[in-house]
Every structure is written in C-alpha cells, then in structure tokens.
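# Descriptive analysis of the structure
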Amino acid sequence: MWLLALAIVSILVGFGSAESKYNVTYADLDKCKQYNAVSGYNYHAYFKLEDLDNHNLDNETVVNLRLFVVAAKDAHVLLSDSDSNGPDSQVYEIVIGAGANTFSEIRKQRKKNPLKTKSTKGVLSPIDPLPLRIRITRQGLIEVGIEGQDLPLMSATDKSIIEVKYLSFSSWGSTMAKWFYDCPSDDESTTELEEMNPIKDLTPREKLLYELQLNTSFTAPDFYTEIYIKQLVFTRVSYDSWKNTLEARFFLRATWNDNRTIWVPEDYGNITRLVGFQYLTWNPSIFIRDDAEAKLFELYGLDHVSFTHDGRFEWLSKEISTETYCPLRESPDWPFETNECDLAMATDHATAPLKLASDAVSFHPNIIQSDWNVDKITKHEFVNTHELFSLKDGTPRVESVLRLHLRRNNEFYDTVLYAPYFVASVMILVAFWLDGMHRILVNTFGTVMLIATFLQISVFVPATMNPKIFTFFHYSLYFSFICILLFILDKCLQTYGGKVAPDSCLTHLISYPYLRIAFRLDGGSNYDSLHRKNIEKRDFVTILDRVAFLVLAAILVVSIFKKI
C-alpha cells in the first residue's frame, strides 16, 4: 500500500510512475525489507548483520549495506557491536540530512564525536527514495555513498575500528523515516563504491580524484604546518552584560599546506586546482574555548575549500556564530566602563597550530553591535596549560586569542537618564532662591523627578556595581530636604524669632558688608551702624540657605566634569 501511494504522489508531482529523482525503481524497494522509524530519536529495533540475506562481504570489508530511505530530514543509521547502547558507547552513527536537511555526519558516538561532517543541503526527500551504500573496510575506511554518483557522499577513517554486529534505524523529533534495508545489489546499476575501482577509461579529472582518494591521508600531518587565518571579518558583535555572554559572527579565510596532497599537473591534463572535494583530504578542525562550560566548540563551516597541485589549501567559511562567556568587571564608572572579552581559537593538533595574520581582522561595513562598541581588537598567543583543554597527547594547547576591547555606548543613558538628573538638580537649585509656595512646588517637582530617575537607573545598573552617579544622587536628595527644612525654619523665625544681641560674634558675622553683598543681604554698606543694632535671626537662616545653594551648585558642576 505504501508503494502504491508513493507511485501516485510521484505521478502527481511529475516524476513519473516508475522512477524517482535518484532513478530508484519501485521494483528495487519491493526486494527490500521495510522499517518505519516513527518514535523520534530512539533505536528500538536491532537487526543482526549475519542474519541479513544480502550482507555480502569480502576479505576487505566488514560492513557492506545497500539501503533506501524516504524522510524529510534527520535519517539516522546506527552500527554497533550490541543490541543495547548507551549515550557514551562506541558506535558508528551515520546521520543523513541533519540540521533540517542541510548537512550529514559520520559519528563514533551517539549525537557526538563526529569523524566527518559534510554540507548536503536537500539530500533527503519526503517523496523520493534516497539510495545509499555504506561500506566499512578492515583498514578503518568508512564510506557513505549515493548510488549513481561518482564520489562518496562522505568518507572518514578510524584507526581503532569498532566491531559491527547490529544495524538499527531512527529519526528525530516528529519526523518519520521509512527505511528499506537488506536490499540485494543490482548488477545493472553500479554505485560510487564500485565505480572507484581502477578502469582504463577514466578522464584526467576522474583519474586525479580517484588517486587522491586512494593516497591522501585523513589524519593530521606529522610534519609542522600552520593553519594561517588570513582574513576574519566580523559581521556581528553583541555583548550582553547581564548574561555575561559575547555573541560573535564572522567569516574566515584560512590557508595551510599539506604536501601529502600533491600531483603533477602534466599527468592529469594540466589540472592545477580543484574546488570542493574537501572530503578527499584532511581538513583541520578549529575550536573556540568557552570558559563557562569548560568546553571547546568546533567552528563548522567548510563551505568552500580549494587546493592546488602543490598542496596549498584555502578555506572560505560560511558565517560562523559563536557565544562565549565573558564576565563584566566591577567598575564605578558606569555607564562609561570598559570590558575585555577573549575569543580563544586553536586547532586540535600540535603539528598544525592556528596563526593569525597581522592584518587579518576587520569589520563588515554593515556590522551589527549592541549597546557595547568595539574600540579595538588586539591579538595574543596563549599557552593553555589547563588539563581540560590539553591536546590528545597531553601537551598544552597553543591558542590564538582575539581580545575585544569593549566600551559601553552611553548615548542612551545621556538622553534618557542623565538629562532628567540635571534638570531635577537645577530645579532644586532654583528653589533656594524662591519663597513661599513657589519654593515648595519647584523643590517637590525636582525631588520627584530625581527619585524617578534614580529608580529608573537602578534597573539598568548591574547589581555588582555602585556607580559614582549614585553618590551625586544622594547629595542632591539631601539638599532638596535641606531646602525644605530651611524654608520651614525661616517661617518659624519670621513668626516667633527674635533679634541677635548687639556686639555678639554672630552679629559681627552677619553684618559683615562683603558677606552681605555676596549673599544679597540688605545693608551691606552700613556695617558700622549694623553691628550696634540687633540683627534678625532670619538673616542667619538666609546665609545658610545661600551656602546650601553654593554647595549643591558645586556638586552639580563636579558631576558634569567627572563624567559620571
């Protein structure tokens, strides 16, 4: 019934009633056994390889499977030594169309430890069966191919090969994968694994690709070769000071030499350069360190790899996205503080260290930044001796570090927070020169605005910081209360107050002519007669009022020049 439904759908979409886009006939599927993986990421059924009718081996192979799969994405194959496997068991997991049908991968553990990753956008189809051949040799070569194609879809090598006894299938999430297994080989259709045998009618290009696959090593070189980053273009730098995370997006252009992949152009039709085919050769893995999780994350993105006859490789990556831990340092200079965040990159091999060109780093013209801007980027080299980040042989990992010097963009705070603070402080200053209800109203408005601004700022300030602006806020609030208290004291003295005794020290102080002129008190020119008369106590309150005004004005000026 399923095959009939598939045939009807194929007719409706225009592919014909007999073949799919991979030239798979329904007669091919009829010869296979079927298993539907419908319960998400779970390997429920295990099939013993020795019980399969069409698992034909020779002296060189330990696994030789012909499969078909129909799925929209995330088709999983598991090859293991037992019918029960935990997350950390040593198995071969082959994923076709992972990441929403964008890449495929050969892994040595479930969901991790990839041996090979390949961009395979759109390789799966929910309608058309995908014909696969999976072959593992005794020498540790793992090949995953599509029937009818000249080259493997993916290939990897494993020196410590796992003994494979069982086969299992799975899908991911709500995706259903229809698997057709134990399929007999079709003598009339050769697979890429069969076509890789030497034949005399190969073109120069096919001959070159064939010999590269046979002779090129997939392991890191024993000789010293630098992975040289010639260009790194940032397209986004976003620092979140609340989460202490730095998000960076960038493109890479890296080069390296591998003299194991060389050829004589004259022997192959003067071919001097190949584009793509990175799965035929060793490619370095570049990692970035994240201190929050104490892990290394691989920077995937082998979108465009080219290499020349002299073993010179060039990798142009797709946009790479990283998120690393970067704590915010305590500083009293909020929101004028600075911070430094490191992007520590390295390879996984001592013989292939990562190096950065002096002029490698640049910014895209349309770079996206957050409320933190990058002032500058400096380059450093760091030998990481922590055992968690050691190389496989136990030696320290040499890291190339890009140190991003960040500065908070305070334009928002100047407009939204500091402007109300200055307006409120000026209103409190003006209140010192007013009388009656005008004084109360202006001072109250200034105080309310000051408190509201303070509460608003406290939302944006990190909890670990005590910026200088808070100190000036406290002073302004204190003097707003002093303004009201002096007003109340003046009214009380106006009603119940008396005069200061003649010839007292307070009388001499209040009647001093220059002081009276400075504080705008009447009678500054008749000091000789004033000191003999009784001076009102309200004059002393007025002097205190003027002194408080001058002190608050000085605080406001200092707050401006200190760039709070």
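Check the entry above for the structure.
What comes next is a walk through the structure. Please read these numbers as outputs of a predicted model, since none were measured by experiment.

### Focus: helix 6 (residues 411-431)
- Spanning 21 residues, helix 6 covers 29 Å between terminal C-alpha atoms, matching the ideal 30 Å at 1.5 Å per step.
- Along helix 6, the sharpest kink reaches roughly 40 degrees, centred on tyrosine 418 and followed within four residues by the proline proline 420.
- Buried residues of helix 6: Tyr413, Leu417, Tyr418, Pro420, Tyr421, Ala424, Ser425, Ile428, Leu429 and Ala431, and no others.

### Comments concerning the pattern of salt bridges
- Across all of its chains, the model carries 23 salt bridges by this definition.
- We note a salt bridge from arginine 133 to glutamate 147, for which the minimum N-O separation is 3.9 Å. Placement of the pair is arginine 133 in strand 8 (residues 130-137) and glutamate 147 in the loop between strand 9 (141-146) and strand 10 (154-157), with a sequence separation of 14 residues.
- Residue classification places glutamate 147 among the buried residues on the basis of a relative accessible area of 12%.

### Section: the sheet that holds strand 7 (residues 112-119)
- Strand order in the open sheet formed by 6 strands is 2-11-4-5-6-7, with antiparallel pairing between adjacent strands. Of all strands in the sheet, those bounded by a partner on one side alone are strand 2 (46-48) and strand 7. Sheet twist, expressed as the mean angle between neighbouring strand axes with direction ignored, is 20 degrees.

### Focus: the packing of helix 6 against helix 7 (residues 437-460)
- As a packed pair, helix 6 and helix 7 sit with axes 8 Å apart at the nearest point and diverge in direction by 155 degrees. Put simply, helix 6 runs roughly antiparallel to helix 7. By crossing handedness, the relation of helix 6 to helix 7 is classed as left-handed.
- When the residues that make up the contact of helix 6 with helix 7 are grouped by side-chain class, the tally is 18 nonpolar, 6 polar and 1 charged.

What counts and how
Residues numbered from 1 in each chain as written. Predicted model: local features only at pLDDT ≥ 70, side-chain atom pairs only at ≥ 80, totals over all residues. Heavy atoms only, no water. Helix = DSSP H or I, 4+ residues; strand = E, 2+ residues; numbered from the N terminus. Expected span 1.5 Å × (residues − 1). Bend = angle between axes of the 7 residues up to and from the residue. Buried < 20%, exposed > 50% of the residue type's maximum accessible area, 1.4 Å probe, protein only. Salt bridge = Lys/Arg side-chain N within 4 Å of Asp/Glu carboxyl O. Pairing = 2+ DSSP bridges. Axes fitted to C-alpha atoms, helices over the stretch in contact; angles between N-to-C directions. Parallel < 35°, antiparallel > 145°, perpendicular 65-115°, else oblique. Left-handed = near helix turned anticlockwise from the far one by under 90°. Nonpolar A, V, L, I, M, F, W, Y, C, P; charged D, E, K, R; others polar.

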